[in-house]
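Breakdown of the fold
So the chains spell out like this:
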Amino acid sequence: MNPKRTIGDVILEVEDIALSFGGVRALSHVSFGVREHEICSIIGPNGAGKSSMLNVINGVYHPQHGHLVYRGKRIRRMHAHKSARYGIARTFQNIALFKGMSALDNILTGRNLMIKSTFIEQAFYWGRARSEEIAHRRRVEEIVDFLEIESVRKVPVGRLPYGLQKRVELGRALAAEPQVLLLDEPMAGMNVEEKEDMCRFILDVNDEFGTTMVLIEHDMGVVMDLSDHVVVLDYGRKIADGTPEEIRDNQQVIDAYLGVAA
Amino acid sequence: MIYRECGQFKTSYGSDQAIFPIPQDRWGVMLALLIAFMVIPAIANEYWLGVILTPFLILALAALGLNILTGYCGQLSLGSAAFMAVGAFAAYNFELRLPGIPLLLDFVLAGLVAAGVGIIFGIPSLRIKGFYLAVATLAAQFFIEWSLTKFGWFSNYSSSGVITAQKMVILGYDFDTPLRKYLLVLSIVSVLALMAKNLVRSETGRAWMAVRDMDVAAEVIGIRIMKTKLMAFAVSSFYCGVAGALWAFAYLGTVDAQTFDLHRSFQILFMIIVGGMGSILGSFIGAAFIVLMPIFINLSAHALFGNAIRPDLLSNMELIVFGGLIIFFLIVEPLGLARLWQIAKEKLRLWPFPH
Ligand SMILES: Nc1ncnc2c1ncn2[C@@H]1O[C@H](COP(=O)(O)OP(=O)(O)OP(=O)(O)O)[C@@H](O)[C@H]1O
Ligand SMILES: [Mg+2]
């Protein structure tokens, strides 16, 4: 096994997170940990609070209670733009691409934190502005090749089919070379082939770069195949947490979510 | 030679990231510059230079400024003319109070003052969006117009609030004829347009567009929304400010705060609607369209009806055609003439094999 894939210690913990919107309790005192290099899946019925959990982790939502611990650092209030600086990247359930920009530009934007050139250098396309642009473009082309979207790289993403948009969004997240990647239903609405491609991308990234992943997915086949670790949410509460096998045999999970078929 | 992208393999990312990656585009720009700098001065008369082309270029610069803010960064503004006013009055005051200041430095400082004011009036954009932001910029329009009239200091206590721009001299060379003014304006506008093109294709521009298209996602990938929006306000106002200074110095000569009223702001907004949101070229096309259309209507009406047509009817006709076009573009092609041009180019690019 690839040494980078050797699962390490817990690097991300959510502790006692409670989040509500007015009267709606999206999360009630949820705690779990994600270990370095693992693929952790969050599953649960619709409205269980899965997306909200990711939004808490990368600072889009601010929980009323609880905190995060990331690489030993206790974070009471995460801010969205800070999460990127911690090396946490993200894709969204409802694709959140920059619709008017090309696939290339979307992915290039993912590297914004690595840009060192100043605004003035950019206005003159001078010095670092030029060399950086070319260097980043090279990295982005590698991502484009990896995701097999060469043919659409210059098309405004708003005009791409859904499956390709999902890939571009993954590309934008990868461009940041993240330590932790949060994927909100990356395969929703895809056909079998597209799902297989996406699974391959996720596994390859995890394997090659050792990127820690937190994944939300409804397809149990995919979850069982990919995950090292599964967390089950139901009505905002964590009802189970363990290996895929443990989850499959957990009576409470079967009752709440998997049903008899699984 | 036809316009196309296929068949031209780029050998490096450097050349593909160049400012105009497609040679025909590069030649097109060269040709336009050649015509603007060499051909027009040779053939255009003083009327065309001084009354049509110079104001067209200046308005294109202001439209470019607004396009950066609205087209690229997605922040609607109805205050462009007010920032032009700031630029005009600032340039006048720098000349007045720092005699002998180099002209170009004066224009840059005027732009910077406008940028500063732009940042202040951009602060509401951090909280409010769309329609409400437009109303806030409307407040900027009225407030600036009012202060420039109210406080005599800005116009050096001239009784009517009118300022008379100083002579334009660079290194002893007097820009006093319509041709010289045109060439000066053309040079400044070309350089600023090139810089804008560079900005929008680099990280700054991508951040603007990211905030425009999906601000939550932009923040999640590390873009600072506040910095990005205020930067757009600053750069946009800088462009409008320089345009205002040129309006006073190179076009009208004497201006007051009312020269830059709400009507002017709307005119600039219409330019980017017709020309194309989020397009540098569109700013020029839109300005050309709106400056030239009344002339065109006038000429064709006279050709059709002779002198029988009443002038008030004519000006109403302008308004009707204008309103119709705005509605057309808002509904049918929000990306304006520049987009129609781009579609034509895309067709050519793949022609004759569409797939
Ligand atoms: N921004 C918000 N404002 C108000 N309520 C919200 C918001 N976001 C989520 N909720 C509520 O929180 C609860 C959990 O929503 P969440 O999107 O996290 O569920 P989910 O597990 O991702 O569901 P799905 O599988 O449908 O994506 C739901 O009741 C939802 O209506
Ligand atoms: Mg969800």
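Thresholds applied
Residues numbered from 1 in each chain as written. Chains lettered and ligands numbered in written order. Predicted model: local features only at pLDDT ≥ 70, side-chain atom pairs only at ≥ 80, totals over all residues. Heavy atoms only, no water. Near = heavy atom within 4 Å. Polar contact = N/O pair within 3.5 Å; in protein donor to acceptor, adjacent residues only side chain to side chain. Areas by Shrake-Rupley, 256 points an atom, 1.4 Å probe, with all protein chains shown as cover. Helix = DSSP H or I, 4+ residues; strand = E, 2+ residues; numbered from the N terminus. Nonpolar A, V, L, I, M, F, W, Y, C, P; charged D, E, K, R; others polar. Contact = heavy atoms within 4.5 Å. Buried area = accessible area lost by both parts, 1.4 Å probe. Salt bridge = Lys/Arg side-chain N within 4 Å of Asp/Glu carboxyl O. Pairing = 2+ DSSP bridges. Axes fitted to C-alpha atoms, helices over the stretch in contact; angles between N-to-C directions. Donors = N, O, S within 2.8 Å, 3.2 Å for Na, K, Ca; no water. Buried < 20%, exposed > 50% of the residue type's maximum accessible area, 1.4 Å probe, protein only. Patch = residues over 30% accessible without salt bridge, like charges linked within 9 Å, V, L, I, M, F, W, Y side chains within 5 Å. Lys, Arg positive; Asp, Glu negative; His and termini not counted. Charge placed at Lys NZ, Arg CZ, Asp CG, Glu CD.

Notes on the site of ligand 1
All names here are of chain A. Neighbouring ligand 1 are 15 residues; Gly-47, Lys-50, Ser-51, Ser-52 and Gln-93 lie closest to it. One nitrogen or oxygen atom from the main chain of Gly-49 is found 2.9 Å from an oxygen atom belonging to ligand 1. At 2.8 Å from an oxygen atom of ligand 1 is found a side-chain nitrogen or oxygen belonging to Gln-93. Burial of ligand 1 by the protein amounts to 65% of the accessible area it has alone, namely 630 Å². Those elements giving two or more residues to the shell around ligand 1 turn out to be strand 2 (24-35) and helix 1 (50-57). With three residues, the top contributor of residues to the shell around ligand 1 is helix 1. Among the residues making up the shell around ligand 1, the classes are represented as six nonpolar, seven polar and two charged.

Some thoughts on the side chain of Asp234(A)
Following the sequence through the fold, Asp234(A) ends up in strand 9 (residues 229-234). Excluding anything up to four places from it in sequence, Asp234(A) contacts Pro45(A), Ala48(A), Ile239(A) and Ala256(A).

Brief notes about the interface of chain A and chain B
One widely used convention gives an interface's size as the accessible area the parts lose upon coming together. Contacts between chain A and chain B engage 37 residues on the former and 32 residues on the latter. The largest share of the area that chain A buries against chain B comes from Phe98(A), Phe119(A) and Gln122(A), three residues that together contribute 17% of it. At the surface where chain A touches chain B, the tally comes to one salt bridge. In this structure, Glu133(A) engages Arg206(B) in a salt bridge whose closest nitrogen and oxygen atoms are separated by 2.8 Å. Across the chain A-chain B interface, the total number found is nine residue pairs in polar contact (both at pLDDT 80 or more).

Overview of the sheet that holds strand 6 (residues 88-91) of chain A
Residues and elements named next belong to chain A. In space, the six strands of this open sheet follow the order 6-7-8-3-9-10, with mixed pairing throughout. Of all the strands in the sheet, just strand 6 and strand 10 (237-242) have a single pairing partner and so form its edges. Going across the sheet, the axis of each strand differs from the next one's by a mean of 15°, ignoring polarity. Pairing of strand 9 with strand 10 involves five bridges; the strand directions are antiparallel. Looking across to strand 10, one finds that Asp-234 is bridged to Arg-237. Lying over the sheet, helix 7 (residues 192-209) contacts strand 3 (39-43), strand 7 (180-184) and strand 8 (212-216), oriented at roughly 155° with respect to strand 8.

Digging into the sheet that holds strand 1 (residues 10-21) of chain A
All names here are of chain A. One open sheet accounts for four strands, arranged 2-1-4-5; its pairing is antiparallel. In the strand order of this sheet, the two ends are held by strand 2 and strand 5 (73-75), each with one partner. The mean inter-strand angle of the sheet, taken between neighbouring strand axes irrespective of direction, is 15°. Where helix 1 meets the sheet, it contacts strand 1, strand 2 and strand 4 (65-70), and its direction lies at approximately 115° from that of strand 1.

Some points on the coordination of the magnesium ion (ligand 2)
Tetrahedral metal sites with four donors have an ideal angle of 109.5 degrees; octahedral sites with six donors have ideal angles of 90 or 180 degrees. All names here are of chain A. Every protein donor of the magnesium ion (ligand 2) is listed here as Ser-51 (OG) and Gln-93 (OE1), and their distances to the metal cover 1.9 to 2.0 Å. In this pair, Ser-51 is assigned in helix 1 and Gln-93 in the loop between strand 6 and helix 3 (103-109), connecting sequence segments 42 residues apart. A residue is classified by how much of its surface remains accessible, and Gln-93, at 31% relative accessible area, is partly exposed.

A closer look at a positive patch on the surface
Taken together, the side chains of Lys73(A), Lys82(A), Arg85(A), Arg224(B) and Lys227(B) make up a positively charged region of the molecular surface. A residue is classified by how much of its surface remains accessible, and Arg85(A), at 39% relative accessible area, is partly exposed.

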